[in-house]
Amino acid sequence: METPVGPPPSPFLVFEAINAYHRTAAIKAAIELQVFTAIDNGRRSAAEIAAACGAAERGVRIICDNLVVYGLLTKDGTQYGLTATAKTFLSGNSPAYMGGAIQFLLSPTIMLGFDRMTEAVRRGGTAIPESGTLAPEHNVWVDFARAMAPMMMMPAQQLAETVLKVKPGPIAVLDIAAGHGLYGLAVCKANPASRLTALDWANVLEVATENAAKIGLADRFTTIAGSAFDAPLGGPYDVILLPNFLHHFDPPTCVALAKRLKSALNPDGVVATMEFVPNDDRVSPPGAATFSLVMLASTPSGDAYTFKEYEQMFADAGYSSSELHRFEGAPHAVVLTRP
Ligand SMILES: Nc1ncnc2c1ncn2[C@@H]1O[C@H](CSCC[C@H]([NH3+])C(=O)O)[C@@H](O)[C@H]1O
């Protein structure tokens, strides 16, 4: 029999893990009913919030009490208030509003993957039919492009700064699996001498094209519709961006793609891979380490790879060197690779 190590036994830890979906349900309901926005607009009692949200007073009182327990609301007598987190990220009045992310994170496709976790563990890959989220032109990526864009502003800025430090001047940029397009557009915005080509499925590119127009960069923006594995890439490019794409695939598939990209890259160019990169122990830091579960739930063979693994994949594809750039407190990192 194994001798346990660490803290004494806690049934609460077990209940907390089993019931974690209660929190998911509570925040989802509060976002959908715009409870946080109502409080931000001065509704403080359950009756006032209920009237503003078109909900029952009893329902609002119970959900708000639970949100107080979770640390998202405050309570003074019968009056509810917003914590700084709720005011910044959950009030619809805030420019940093994150509530829209549930349209992707809690979408039926992603939830199905998690609902079938036991089967995914048995198989070692998603139990969603037809390769999960990797089915061609899967509509979940249109939801992603629309819902997750606000969360991408800061990482896009960080990727752009990292790339432009090593590649200033006139550059041709290819953004692989561009989604909303914000990564490439951040580079383009910061460097007026750059031109951007965004590659993704045709349905997803509609969102990137809208965003390019909104930012006023339509004249330096073109698209390639199709799969990164077989669409003609054009080029050569000075910078190829690979944000949040390689994690969907197994290492041999990543190596094949990296080889393909090398043939579209200038000899003095750079590939910038933005990813969740856990430490070699694979259990830290938490944000990067736990991303592997999302890949198990939703893809046949994706993973959260370590820097050593990315370095090896690019070396196997014939690249000369890779370096890791981390950002204080962020789960994502950038791997800069030279051919
Ligand atoms: N075979 C494929 N070829 C090109 N794009 C794909 C393929 N499979 C999935 N995608 C896209 O990969 C993206 C993954 S989400 C990442 C989007 C963006 N780069 C970001 O970092 O936020 C989605 O936009 C999908 O539509």
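Residues numbered from 1 in each chain as written. Predicted model: local features only at pLDDT ≥ 70, side-chain atom pairs only at ≥ 80, totals over all residues. Heavy atoms only, no water.

**Quick look at the overall build of the protein**
Rule in force here: By the criteria applied, helices consist of DSSP H or I runs no shorter than four residues and strands consist of E runs no shorter than two, each listed in order from the N terminus. This radius of gyration counts C-alpha atoms alone. The globule rule is 2.2 Å times how many residues there are, raised to the power 0.38. Computed with a 1.4 Å probe, the accessible areas rest on the Shrake-Rupley method; for each residue, only the protein chains presented here act as cover. His residues and chain termini do not enter the charge count, which takes Lys and Arg as positive and Asp and Glu as negative. Charged side chains are reduced to one point each, which is NZ for Lys, CZ for Arg, CG for Asp and CD for Glu.
The helix and strand inventory of the protein stands at 17 helices and nine strands. For a compact globule of 339 residues, the expected C-alpha radius of gyration is about 20 Å, and the protein comes in at 22 Å, within 12% of that figure. When the accessible surface of the protein is totalled, it reaches about 16,700 Å², and 58% of it is carbon and sulfur. Looking at charge distribution, the protein has the averaged site of its 25 positive side-chain charges lying 3 Å from that of its 32 negative ones.

**Considerations on the pattern of salt bridges**
Formally: We define a salt bridge as a contact between a side-chain nitrogen of Lys or Arg and a carboxyl oxygen of Asp or Glu at a distance within 4 Å.
Under the counting rule described, the total for this entry stands at 10 salt bridges. In this structure, a network of salt bridges that share partners links the residues E119, R122 and R123.

**What to know about the environment of T253**
Note the threshold: Only protein chains enter the accessibility calculation, which uses a 1.4 Å probe; a residue whose area is less than 20% of its type maximum is buried, one above 50% is exposed, and one in between is partly exposed. Two N or O atoms form a polar contact when they lie within 3.5 Å of each other; inside protein one atom must be a possible hydrogen donor and the other a possible acceptor, and for residues adjacent in sequence the pair counts only when both atoms belong to side chains.
Locating T253 in the fold gives a position in helix α14 (residues 251-262). With a relative accessible area of 27%, T253 lands in the partly exposed category. With 218 residues separating them along the chain, T253 and V35 place their C-alpha atoms 45 Å apart. Polar contacts involving the side chain of T253 include one to the side chain of D250, which spans 2.4 Å.

**Considering α14**
Just so we agree on the cut-off: The span one expects for a helix is its residue count, reduced by one, times 1.5 Å. The arc in question is formed by the directions pointing from the helix axis toward the C-beta atoms. Residue contacts are counted whenever heavy atoms from the two residues lie within 4.5 Å of one another.
Compared with an ideal rise of 1.5 Å per residue, which puts 12 residues at 16 Å, α14 spans 16 Å between its outermost C-alpha atoms and is within 8% of the ideal. Taken together, the buried positions of α14 are occupied by C254, V255, L257, A258 and L261. Mapping the buried residues of α14 onto a view down its axis gives an arc of 165°, with all of them on the same face. Residues of α14 that are buried in the fold lie against β3 (171-176), β6 (237-243), β7 (265-276) and α17 (307-316).

**Concerning the layout of surface pockets**
Which entries qualify depends on this criterion: In the cavity and pocket records, a cavity denotes points on a 1 Å grid over the protein atoms alone where a 1.4 Å probe fits but cannot get out, a pocket denotes an open set with protein on both sides within 12 Å along at least 5 of 7 lines, and lining residues are residues with an atom within 4 Å of a point. Grid points are joined across faces, edges and corners, and a volume is the space filled by probe spheres set on the points. All amino acids are sorted into three groups, where Ala, Val, Leu, Ile, Met, Phe, Trp, Tyr, Cys and Pro are nonpolar, Asp, Glu, Lys and Arg are charged, and the leftover types, Gly among them, are polar.
The calculated volume of the second largest pocket comes to roughly 300 Å³. Broken down by secondary-structure element, the contributors of at least two residues to the lining of the second largest pocket are α10 (140-147), α11 (149-166), α12 (182-190) and α13 (202-215). The dominant element in the lining of the second largest pocket, judged by the number of residues it contributes, is α13, at five residues. In terms of residue class, the lining of the second largest pocket is built from nine nonpolar, two polar and four charged.

**Some words on the site of the ligand**
Note the following rule: We call a residue near a given molecule or strand whenever any one of its heavy atoms falls within 4 Å of it.
Close contacts around the ligand come from 20 residues, with A177, H180, D200, A228 and N244 the closest. S227 places a polar side-chain atom, nitrogen or oxygen, 3.1 Å from a nitrogen atom of the ligand. A228 is positioned such that a nitrogen or oxygen atom in its backbone is 2.8 Å from a nitrogen atom of the ligand. Contact with the protein chains removes 98% of the 560 Å² of surface that the ligand exposes when unbound. Every element with two or more residues in the shell around the ligand is listed here: α10 and β4 (194-200).

**Some words on the state of the cysteines**
Definition in use: The disulfide criterion is simple: two cysteine sulfur atoms within 2.5 Å.
The tally for this structure, following the rule as stated, stands at zero disulfides. With no disulfide of its own, C64 has C53 as its nearest cysteine by sulfur position, at a separation of 7.9 Å. The class of C64 is buried, set by a relative accessible area of 0%.

**Notes on the pairing of β6**
Selection criterion: Paired strands are those between which DSSP finds at least two bridges.
Counting buried residues in β6 gives seven out of seven residues, a clear majority hidden from the surface. Where β3 lies against β6, three bridges are found, and the strand directions are parallel. Within β6, the residue paired with V173 across the bridge is V239. With six bridges joining them, β6 and β7 adopt parallel strand pairing. By the bridge assignment for β7, P243 is matched with M274.

**As for the UniProt feature "domain: O-methyltransferase dimerisation" (unreviewed entry) in the protein**
Let me state the cut-off plainly: UniProt positions are given in the numbering used here, feature names are shortened, and annotations may be inferred rather than shown by experiment.
The UniProt entry lists residues 16-91 under the feature "domain: O-methyltransferase dimerisation" (unreviewed entry), expressed in the numbering used here. The span residues 16-91 shows a helical share of 66% and a strand share of 11%, and its end C-alpha atoms are spaced 26 Å apart.

**Focus: the pairing of strand β1 (residues 73-76)**
As defined by bridge partners, β1 adjoins strand β2 (residues 79-82) across four bridges and the pair is classed as antiparallel. Opposite T74, over in β2, you have G81 as the bridge partner. Hairpin connection from β1 to β2: two residues lie between these consecutive antiparallel strands, with G77 at a positive phi of about 65°.

**A short note on the sheet that holds β6**
For the record, the criterion: Axis definition: a line fit to C-alpha positions, over the contact stretch in the case of helices; interaxial angles, taken between N-to-C directions, run 0 to 180 degrees.
One open sheet accounts for seven strands, arranged β5-β4-β3-β6-β7-β9-β8; its pairing is mixed. A single partner strand is all that each edge strand has here, and the edge strands are β5 (221-225) and β8 (321-326). Taken over all neighbouring pairs, the strand axes of this sheet differ in orientation by 20° on average, direction set aside. Its contacts with the sheet place α13 against β4 and β5, and it is angled at close to 175° to β5. Packing of α14 onto the sheet brings it into contact with β3, β6 and β7, and relative to β6 it is tilted by some 160°.

**So, the nonpolar core**
Short version of the rule: As used here, the term nonpolar core means buried Ala, Val, Leu, Ile, Met, Phe, Trp, Tyr and Cys residues forming a set that is joined through side-chain atoms within 4.5 Å.
In this structure, F104, L159 and L241 are the most contacted members of the largest nonpolar core, which totals 44 residues. Broken down by element, this core gets its largest block of residues, seven residues, from α11. The contacts of F104, once residues within four sequence positions are left out, are I110, V140, W141, D143, F144, A147 and M148. Grouped together as the second largest cluster of nonpolar side chains are 33 residues, L174, L199, A231 and A264 included.

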